[in-house]
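# Coordinates in review
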Amino acid sequence: QGFDAPVLLPHAPGERRAVYVVEQPGRVIRLEDGRRTVFLDVRDEVTYGGEQGLLGLAFDPGYARNRRVYVAFTSDSGRNTVVRYRANGGTVVESSRTVLLAVPDPYGNHNGGHLAFGPDGLLYTTIGDGGSGGDPEDRSQNRSSQFGKLLTLKPARPGAGWSIAALGLRNAWRFTFDRVTGDLYLGDVGQGSREEISFTPRRSPGLENYGWNRYEGSKRFQNGSLGPGKLVFPVAEYGRSQGCSVTGGYVYRGSARPTERGRYVYGDYCSGNVWSFRIASGEARALRREPFRVASLSSFGENAQGELFAVSLDGVIYRIS
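Described below are features of the structure shown in this document. All figures in this text were calculated on a predicted structure; none of them were measured in a lab.

### Quick look at the packing of aromatic side chains
- What the rule picks out here adds up to 16 aromatic pairs.
- Judged by centre distance (6.0 Å) and plane angle (50°), the rings of Phe39 and Phe59 are tilted. Here Phe39 is found in strand β4 (residues 35–41), whereas its partner Phe59 is found in strand β5 (residues 54–59), with 20 residues between them in sequence. Residues Phe39 and Phe59 agree in their burial class; the two are buried.
- Grouping aromatic residues by their ring pairs yields a cluster made of Tyr185, Phe199, Tyr238, Tyr264, Tyr266, Trp275 and Phe277.
- One Lys or Arg, Arg36, reaches over the ring of Phe3 and ends 4.0 Å from the middle of that ring.
- Geometry around Tyr215 places Arg220 over its ring, the cationic atom sitting 4.9 Å from the centre.

Listed below in structure tokens is the structure:
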């Protein structure tokens, strides 16, 4: 405990005992055997408050060799920003900074900001639908806009640009790839009535469209035609009686709870409820609410062994045992 607004807990390839705590005001803390060191401090570059701040961190799959690390944050100039750094020892080399994305943010909410590498070796991120409420400029269904999209980048290719892997997102808050199957699980925060979890298999047939703002979850939200891509409805959703802001999680692949392997674990920031299910034939099966709650549930985390953690914005990290 004692962290400053933590929002993520990833681990680095090649490091068996360390995890990293992303603090929304702009720091990354390396935690190993109870010892804390500052891995990165960009507080002087970050706009922090509400849904803005340091939001994402991903390590290159070849991190043990190339030491490349990627961060996503709201810049002090109000831009949705993705930056690549190189680490040396236990800290980031600030002079290695390379900006990969810098999109002016029209509103202060719906910043997305998660970063993750997929099984295809691409870097994935999303910057939300731009903010406000209801996607007033209709960005999510507009393929010419980067807002409301799942974006991909080939970071190893010099000068590569971002491509659209999916569209129709409102404010995806934590998406992850199953470390065994490579399947994608994605939590998307709803507008006023539905919170959703979407699923896309690794062998996707093509461009997906998660529906926003024509749909909120599986319910019609606004009239109008869909943009390109195959419409994908959520595999799990819930209403305001159970929470108000979904927090996507991970498929459990650890060894401490062998009967739980293969279950996807997710929760809700407002209620603290935690659920899990298994995917079978593309559908969520055996969905259940877990017998515990996590106050201010901002994220889940995963260590090198596949064990799971729950992150509270109040400054506490729990191991799910």
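### Examining the sheet that holds strand β20 (residues 236–238)
- The strand order across the open sheet built from 4 strands is β13-β14-β15-β20, with neighbouring strands paired in antiparallel fashion. The outermost strands of the open sheet, each flanked by one partner alone, are β13 (172–177) and β20. Neighbour-to-neighbour, the strand axes of the sheet open up by a mean angle of 10°, direction not taken into account.
- Alignment of β13 against strand β14 (residues 184–188), held across 4 bridges, turns out to be antiparallel. Bridging from a neighbouring strand, Phe177 pairs with Leu184 of β14.

Reading guide: rules and limits
- Residue positions are given per chain, counted from 1 along the sequence in the order it is written.
- Side-chain atom pairs in this predicted model are given and counted only at pLDDT of 80 or more, local residue features only at pLDDT of at least 70, and totals for whole chains, interfaces and linings cover all residues.
- Hydrogens and water molecules were not included; the side-chain quantities draw on all heavy atoms of the structure.
- Under the pairing criterion, centres of Phe, Tyr and Trp rings, with the six-membered ring standing for Trp, must be within 6.5 Å; the plane angle then separates stacked pairs below 30 degrees from edge-to-face pairs above 60, leaving the rest tilted.
- Counting from the N terminus, the helices are DSSP H or I runs at least four residues long and the strands are E runs at least two residues long.
- Exposure categories follow from relative accessible area, calculated using a 1.4 Å probe and restricted to protein chains: below 20% of the type maximum is buried, above 50% is exposed, and the middle band is partly exposed.
- Two conditions define a charge sitting above a ring: the NZ of Lys or the CZ of Arg must be within 6 Å of the ring centre, and it must be within 35 degrees of the ring normal.
- Strand pairing follows a simple DSSP-based rule, namely that at least 2 bridges must link the two strands.
- Lines are fitted to the C-alpha atoms to define the axes, a helix being fitted only along its stretch in contact, and any angle between axes, read from their N-to-C directions, falls within 0 to 180 degrees.

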